Amino acid sequence: MLAIDARNVAKTFRAGVIRRRETPALRGVSLAVERGRIFGLLGPNGAGKTTLLSILATLLTPDRGDVYVLGVDVLRAPHLARRRLNMASGNASFLWNLRAPEILGFYGRLYGLSGAALSRRVEELIAVAELAPHRRVPYNELSTGLKQRLALAKSLLNDPELLFLDEPTLGLDPDVSVRLRRYIASLRRERGMTIVLTTHYMREAEELCDEIAFIKGGQILARGTADELKRQILLGDVVALRFDRPAPVRLDRLPGVVRVSERDGWVECTVDVAAKRLPELLRVLNAEGVVIRDLQVREPDLEEVFVELAR
Amino acid sequence: MMSWRREAVAAWAFALRNLQMASRNVFLLFELLFWPVLGVVQIGLMGRFLTLKPEDALFILIGQMAFSIVSTCQLDVAYSVLYDYWSKSLKHHFLAPIGIRHLTVGSWVVGILRGLLVFVMTAALAWWAFRLNPLAAGIGPVLLLLTGCFLTAWIVGIFVCSLLMLFGGRAETSAWASINLVLALAGIYYPLSTLPGWAAAMGAAIPITYFLEAYRSHFGFAVESAAPLTTGFALAIAYIGLAHLTLHASVNRARRTGLLLKMSE
C-alpha cells in the first residue's frame, strides 16, 4: 500500500509584475512511498525538498502532475487528506503570547477534538514533549528546543497516518536531537506511522530512514537505502590514515586513489577497491619513511554520497 | 457529512483564540476604550459648542457609535489572519481540515461581543456626560442597527482577510484604513444626498447606509430609500456570500503562488 504516490510533479514560482521572474522548484518529480516507512528527502538548499513536502501536505498546489496521499487525490479532495496527515517544521512558529496548552488546544479543536478528549490529548502530548514545566510560559519565551518539541506535539494532535517533518532537529542541541530522533523512530515502530522528513544531517537520515531520495535542481537524482546509495554512487572505499608528520608524497597521484581529503587530523584516501590499493599505499609510505600511527578502512558515509551528488 | 458539533468546535477555536489574545494585549484596550470614548466626547463637546439641537447631535453621535462598533468588530475578523501573519504561523490553519467559514464565524463572534461592549459603554457615556440618549428609539431599532453594524463589520473584515491573502504584508494597513473609507461613503455623519453623485452611488451599495438611515428615521430624519432595512439585509447577505467566495479564492491563489508558505516563514 502506498502512502504517497506523486507522478510528474512540477512547480515554478513566479514573481514580479513588470519584470517577470520564474524560479523552477520541481521539474517532474515522481515519488512513491510505502505505508509505515520513514522516508528521507536530502538535498542542498533550494533543491526543492520543502516545495515537494508542501505539495504533499496540501499547502502548495503544483503546476502539473498527480498527487495521491493515503489514496486521496489531494488536488481534487485536499480536505479529506488533511484529516489524516500533519506536518512539523524546524522553523515552525505559533502565536507569541499563547502558552503550550492553549496552542495545542486551538489546533486540537481545528482537528475536531473537544471537551474531555481534547484535554486528555493535550495533556498526553505535553507529557510526551516534556513541556509540563513550561506550560505557563508564553510561546515567545520558550527556547528553540522547546518550540520544536511543541511543533512536533502539535503535529501529533490528530494522530496522523502520515507525518511530514521539515528539518525537525534544525538548531537543536545534540542530546535533544538524539531524544527527538528516538521519538520519531518510536512513532513508526509503535503506531505504524508513515514519516517523510527532510534533513541536512546525514547521520539523522542514515539512522532514521528506511529509504532516502536525493533532490537537486528540482529533480530526484538517486533513491534507495543508505547502503544502496553508497553502492549506486560508486564512491569506493575510504582508507583513513594518521601520520607522525605530513606525508611527503602526493597520495592522490597513486593509482586507484580517487580523492584525498583531511578531516580531524586524519588523511582520508578514497580508493576504488581498498583490498587492491592498500598494499601499494603502505609500500609507498613505508619507502618514504612515514610512520603510520592509525589506519582505518571503511565504506564512505552518507555525507560523502551527498557531497558527490550535490557536486 | 457535515457534523454540526465539529463545525461549532472549529469556529469556537478561533473565537477562544481571539479572546485569549485580546485578554493579553494592552493595545486592544485602546480599541475598546480610548477611541470610542474619545469619539463620543468630541461629538458631545462639538454639539455643545455649535449649540446643536439634541436630535442633530444624536444624528452625528449615532454615526460615531456605529463607526466605533464596526471598526472594533471588523478588526477581530481581520485578526483571524493578521495574528497568524504576524506570528508566521498561517500555514498551520490551512494544513488543518477547516473551512474559511470557521475562521470568519469564530472571530466574528468575538467581534460582536467586543462591539456590544463598545456600544454599551459609549451609549452610557453619551447619556451621562451630554444627556444624549441614543437608545431612545427603543430596543427593536437598536438591535436592528447593531445587526447592520455587525454584518457590515463581518463583510469588511473578510475582504481585509482576502487582501492579506492576496498581497501579504502590503495589505496590512487595509485592516485599519478600509473601514474609514467604507463608512465615509456610507454617510456616517451626513445623509447620502450630501455626497457627490458618484460617491452617493457607492454609498448606496453599502449595507450600513440603510441601517443607519432606518435608525435615524426614529429621530425624525427623512428616509431617502424606499425600504431601507430590506435593502440593507439583502445587500449584506449578498456581500457575505461574495466575501466568503473571495477569501476562498484568495487562499487557493496563495496556495498556488506560494504566498501561503512565504507568509509562514
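Preceding this paragraph is the structure being described.
Starting afresh in each chain, residues are numbered from 1 along the sequence in its written order. Chains and ligands are labelled by the order in which they are written, letters from A for the one and numbers from 1 for the other. The model is predicted, so local features are restricted to residues of pLDDT at least 70 and side-chain atom pairs to those at 80 or more, both for listing and for counting; the totals for chains, interfaces and linings are taken over all residues. With hydrogens and water set aside, each side-chain value is computed from the structure's full complement of heavy atoms.

**Details of the overall build of chain A**
Consideration 1: The helix and strand labels rest on DSSP assignments: H or I over at least four residues marks a helix, E over at least two residues marks a strand, and numbering proceeds from the N terminus. Looking only at helices and strands, chain A has 10 helices and 14 strands in total.
Consideration 2: Its C-alpha atoms put chain A at 80 × 50 × 45 Å along the principal axes.
Consideration 3: Taking as baseline every contact in chain A between residues at least 6 positions apart, the subset at least 24 positions apart corresponds to 70%.
Consideration 4: Here the open area of atoms and residues is found with the Shrake-Rupley method and a 1.4 Å probe, where only the protein chains shown may cover a residue. A total accessible area of about 14,300 Å² is found for chain A, and carbon and sulfur atoms account for 48% of it.
Consideration 5: The distance from the centre of the 47 positive side-chain charges to the centre of the 40 negative ones in chain A is 6 Å. When checking whether two residues touch, look at their non-hydrogen atoms; a contact exists if any pair is within 4.5 Å. In this count, Lys and Arg are taken as positive residues and Asp and Glu as negative ones, while His and the chain termini are left out. A single reference atom marks each charge: NZ on Lys, CZ on Arg, CG on Asp, CD on Glu.

**Digging into the environment of Val 251 of chain B**
All names here are of chain B.
Consideration 1: Residue placement: Val 251 occurs in helix 10 (residues 228-257).
Consideration 2: According to the relative accessible area criterion, Val 251 is buried, its value standing at 4%.
Consideration 3: Those residues in contact with Val 251 that sit more than four places away from it in its chain are Phe 94, Ile 100 and Met 165. Burial status follows relative accessibility: with a 1.4 Å probe on protein chains alone, a residue under 20% of its type maximum counts as buried, one over 50% as exposed, and anything between as partly exposed.

**So, a nonpolar patch on the surface**
Consideration 1: Patch building starts from residues that exceed 30% relative accessible area and form no salt bridge, then joins like charges within 9 Å and nonpolar side chains (Val, Leu, Ile, Met, Phe, Trp, Tyr) within 5 Å. Here a salt bridge means any side-chain nitrogen of Lys or Arg lying within 4 Å of a carboxyl oxygen belonging to Asp or Glu. Together, Val 26, Phe 27, Leu 29, Phe 30, Leu 33, Phe 34, Trp 35 and Leu 38 of chain B make up a nonpolar patch on the protein surface, roughly 820 Å² of accessible area in all.
Consideration 2: Tracing the chain through its elements places Leu 29 of chain B in helix 2 (residues 27-49).

**A short note on the environment of Gly 39 of chain B**
Residue and element names in this part refer to chain B.
Consideration 1: Positionally, Gly 39 belongs in helix 2.
Consideration 2: Using a relative accessible area of 4% as the deciding quantity, one classes Gly 39 as buried.
Consideration 3: Taking C-alpha positions, Gly 39 is 8.8 Å from Thr 122, a pair spaced 83 residues apart along the chain.

**Structural notes on the layout of surface pockets**
Consideration 1: Here the largest pocket defines a volume of roughly 860 Å³.
Consideration 2: A cavity here means a set of points on a 1 Å grid, drawn over the protein atoms and nothing else, where a 1.4 Å probe fits but cannot get out; a pocket is an open set with protein on both sides within 12 Å along at least five of seven lines, and a residue lines either one if it has an atom within 4 Å of a point. As for the largest pocket, its lining consists of 37 residues, and the residues nearest its centre are His 79 and Arg 82 of chain A together with Ile 98, Gly 99 and His 248 of chain B.
Consideration 3: Breaking the lining of the largest pocket down by element, the ones donating at least two residues are helix 2 (78-82) and helix 3 (100-110) of chain A together with helix 1 (4-23), helix 4 (90-95), helix 5 (100-130) and helix 10 of chain B.
Consideration 4: Residue contributions to the lining of the largest pocket peak at 6 residues, all from helix 10 of chain B.
Consideration 5: Tallied by class, the residues present in the lining of the largest pocket amount to 18 nonpolar, 11 polar and 8 charged. Grid points are joined across faces, edges and corners, and a volume is the space filled by probe spheres set on the points. Three classes are used, and their members are as follows: Ala, Val, Leu, Ile, Met, Phe, Trp, Tyr, Cys and Pro are nonpolar, Asp, Glu, Lys and Arg are charged, and the others, Gly among them, are polar.

**Brief notes about the side chain of Thr 194 of chain A**
Residue and element names in this part refer to chain A.
Consideration 1: You can see Thr 194 is positioned in strand 8 (residues 194-198).
Consideration 2: For this analysis, a polar contact is any N or O atom pair within 3.5 Å, provided that within protein one partner can donate a hydrogen and the other can accept it, and provided that sequence-adjacent residues contribute only side-chain to side-chain pairs. Separated by 2.8 Å, the side chain of Thr 194 and the backbone nitrogen of Gly 36 make a polar contact.
Consideration 3: The residues touching Thr 194, leaving out its near neighbours within four places in the chain, are Ala 3, Val 33, Glu 34, Arg 35, Gly 36, Arg 37, Glu 161, Leu 162 and Leu 163.

**Examining the environment of Gly 256 of chain A**
Residue and element names in this part refer to chain A.
Consideration 1: Along the chain, the position of Gly 256 falls in the loop between strand 11 (237-243) and strand 12 (257-263).
Consideration 2: Gly 256 sits 16 residues away from Asp 272 along the chain, and the two C-alpha atoms are 5.6 Å apart.
Consideration 3: If sequence neighbours within four positions are ignored, Gly 256 has contacts with Thr 270, Val 271, Asp 272 and Arg 277.

**Let's talk about the sheet that holds strand 3 (residues 38-42) of chain A**
Residue and element names in this part refer to chain A.
Consideration 1: Should DSSP find at least two bridges between two strands, the strands are regarded as paired. Across the sheet, which stays open at both edges, the 6 strands sit in the order 6-7-8-3-9-10 with mixed pairing between neighbours. Taken across any chain shown, the strands that pair with only one partner, and hence form the sheet edges, are strand 6 (85-89) and strand 10 (219-224). Taking each pair of neighbouring strands and ignoring which way they run, the sheet shows an average axis angle of 15°.
Consideration 2: Pairing geometry for strand 3 and strand 9 (residues 211-216), over 4 bridges, is parallel. Across the sheet, residue Leu 41 finds its bridge partner in strand 9, namely Ala 213. To obtain each axis, a line is fitted to C-alpha atoms, and for helices this fit is confined to the stretch in contact; angles are then taken between N-to-C directions over 0 to 180 degrees.

**Here's the deal with the sheet that holds strand 14 (residues 292-298) of chain A**
Residues and elements named next belong to chain A.
Consideration 1: Taken in spatial order, the 4 strands line up as 12-13-11-14 in an open sheet, and their pairing is antiparallel. Among the strands making up the open sheet, the edge pair consists of strand 12 and strand 14. For this sheet the average axis-to-axis angle between neighbouring strands, irrespective of direction, equals 20°.
Consideration 2: Strand direction decides the pairing type here: strand 12 and strand 13 (residues 266-271), joined by 6 bridges, are antiparallel. Pairing of Ser 261 across the sheet is with Glu 268, part of strand 13.
Consideration 3: Against the sheet, helix 9 (residues 274-287) engages strand 11, strand 12, strand 13 and strand 14, with an angle of about 20° to strand 11.

**Section: the interface of chain A and chain B**
Consideration 1: Listed per partner, the contact involves 33 residues of chain A and 32 residues of chain B.
Consideration 2: For the pairing of chain A and chain B, the buried interface totals around 3,200 Å² over both sides, and the portion due to carbon and sulfur atoms is 61%.
Consideration 3: Counting every contact that joins chain A to chain B gives 1 salt bridge.
Consideration 4: At the junction of chain A with chain B, the criterion picks out 11 residue pairs in polar contact (both at pLDDT 80 or more).
Consideration 5: Counting residues per element, the ones that place at least two in the side of chain A that touches chain B are strand 1 (2-15), helix 2, strand 6 and helix 3 of chain A. What gets called buried area is simply the loss in accessible area from a 1.4 Å probe that two parts show on being joined, summed for both.

**What about the pattern of salt bridges?**
Residues and elements named next belong to chain A.
Consideration 1: Considering all chains together, one arrives at 23 salt bridges over all chains under this definition.
Consideration 2: Between Arg 84 and Glu 161 there is a salt bridge, with its nearest N and O atoms 2.8 Å apart. Of this pair, Arg 84 sits in the loop between helix 2 and strand 6 while Glu 161 is found in the loop between helix 5 (144-155) and strand 7 (162-166), placing the two residues 77 residues apart along the sequence.
Consideration 3: The exposure class assigned to Glu 161 is partly exposed, which follows from its relative accessible area of 32%.
Consideration 4: Among the ionic pairs, Arg 135 bridges to Glu 123, the shortest N-O distance being 2.7 Å. Of this pair, Arg 135 sits in the loop between helix 4 (115-128) and helix 5 while Glu 123 sits in helix 4, placing them 12 residues apart in sequence.
Consideration 5: For Arg 135, a relative accessible area of 28% corresponds to the partly exposed category.
Consideration 6: Via salt bridges that share partners, Lys 11, Arg 14, Glu 22 and Asp 63 belong to a single interconnected network.

**Structural notes on the nonpolar core**
Consideration 1: Put simply, buried Ala, Val, Leu, Ile, Met, Phe, Trp, Tyr and Cys residues joined by side-chain atoms within 4.5 Å make one nonpolar core. Grouped together as the largest cluster of nonpolar side chains are 169 residues, with contacts concentrated most on Leu 56, Leu 150, Phe 164 and Ile 195 of chain A together with Met 165 and Ile 208 of chain B.
Consideration 2: Per element, the largest residue contribution to this core is 18 residues, and it comes from helix 3 (residues 54-86) of chain B.
Consideration 3: With residues up to four places along the chain from it excluded, the contact list for Ile 208 of chain B reads Val 70, Gly 148, Cys 149, Thr 152, Leu 183 and Ala 186 of chain B.
Consideration 4: Grouped together as the second largest cluster of nonpolar side chains are 15 residues, Leu 254, Cys 269, Leu 281 and Val 290 of chain A included.

**Regarding empty space enclosed by the protein**
Residue and element names in this part refer to chain B.
Consideration 1: Here the structure, examined in full by the defined rule, presents 3 cavities of 30 Å³ or more.
Consideration 2: As for the largest cavity, its lining consists of Ile 62, Met 65, Ala 66, Ile 69, Phe 119, Pro 134, Leu 145 and Tyr 215.
Consideration 3: Considering each element in turn, the lining of the largest cavity owes the most residues, 4 residues, to helix 3.
Consideration 4: For the lining of the largest cavity, the residue count by class is 8 nonpolar, no polar and no charged.

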